[in-house]
Amino acid sequence: GDLLAKIDDGTSFVSQFDNDSLAELIQSIFPIAGPMERAFIKNSLKEADEMQKRKFLFYFWNNYEPNNPELAWKKYQVEVIKTNNSFGNKYTPGYVTDRGRIYLQYGPPNSIADQVYESGGGSHDGSVPYQIWHYYELGDQRNGKFVFYNPHLIPNGYTLLHSNVIGEVNNPSWQTYLHRNQLESIDPPQNDRYEGK
């Protein structure tokens, strides 16, 4: 139909991207994609040829904002760049990280409680770095919380530990994971730099 013609004759905004860019642009929409689209990204993206990637990307943004898919894409790209700058490291782009996905999927939190590393007094005190993101409202749900922690002290290496938001990981004993002694028993570091301090 008309859509395919638009893609094929190069008038659509998706025709400007090369194959590598297309793959990355498609991966970056995972946080806001629906279940079927997520399944495509997870299972079929590697096998898809360049034309299929173009079509997928165009259909996605055309469904997302039929009046101006290109503008919607541009606005979203700004947010993706923010997540890459804020949550990424040299191994992982920000949009792939848990914090990046949550940010892109739900928007910026209303507040962030940021607990940096505390070595504590004795060898078993203190906690690993963690953050609690708080949303006053998320769809029908009020008072949404996300707890991210960084057990290995990797730059921007936060993973989602617990959330009370429907459909997200729920870990009722999340607080026990924040204490260093707890983590050492789960996953002993190769050499404990903090011993005896």
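About the criteria used
- Residues numbered from 1 in each chain as written.
- Predicted model: local features only at pLDDT ≥ 70, side-chain atom pairs only at ≥ 80, totals over all residues.
- Heavy atoms only, no water.
- Pairing = 2+ DSSP bridges.
- Helix = DSSP H or I, 4+ residues; strand = E, 2+ residues; numbered from the N terminus.
- Axes fitted to C-alpha atoms, helices over the stretch in contact; angles between N-to-C directions.
- Contact = heavy atoms within 4.5 Å.
- Buried < 20%, exposed > 50% of the residue type's maximum accessible area, 1.4 Å probe, protein only.
- Core = buried A, V, L, I, M, F, W, Y, C linked by side-chain atoms within 4.5 Å.

### Focus on the sheet that holds strand 3 (residues 141–149)
- Here we have four strands laid out as an open sheet, ordered 1-2-3-4, and antiparallel in their pairing. Looking at strand neighbours, the two that pair on one side only are strand 1 (111–115) and strand 4 (159–163), the edges of this open sheet. On average, each strand axis in the sheet is tilted by 20° relative to the strand beside it, whichever way the strands run.
- In the sheet, strand 2 (residues 130–138) pairs with strand 3 via eight bridges, with the strands oriented antiparallel. In the sheet register, Tyr135 faces strand 3, and the bridge partner there is Gly144.
- Running at roughly 15° to strand 2, helix 6 (residues 98–106) makes contact with strand 2, strand 3 and strand 4 of the sheet.

### Digging into the environment of Ala23
- When you line up the elements, Ala23 lands in helix 2 (residues 19–28).
- Other than its neighbours up to four places away in sequence, Ala23 contacts Leu45 and Lys53.

### Things to note about helix 6
- Within the span of helix 6, buried status applies to Arg99, Gly100, Arg101, Ile102, Tyr103 and Leu104.
- Of the residues flanking the end of helix 6, it is Gly107, one or two places downstream, whose phi is positive at about 90°.

### Examining the nonpolar core
- Counting residues in each nonpolar core, the largest one holds 36 residues, and the members touching the most others are Phe17, Ile29, Ile41, Leu57, Trp61, Trp133 and Phe146.
- Those elements giving two or more residues to this core turn out to be helix 2, helix 3 (35–44), helix 4 (50–64), helix 5 (69–87), helix 6, strand 2 and strand 3.
- Ranked by size, the runner-up nonpolar core spans eight residues in total, among them Tyr130, Ile132, Val147 and Leu178.

So, to be careful, I would describe these as geometric facts and stop short of saying anything about function.
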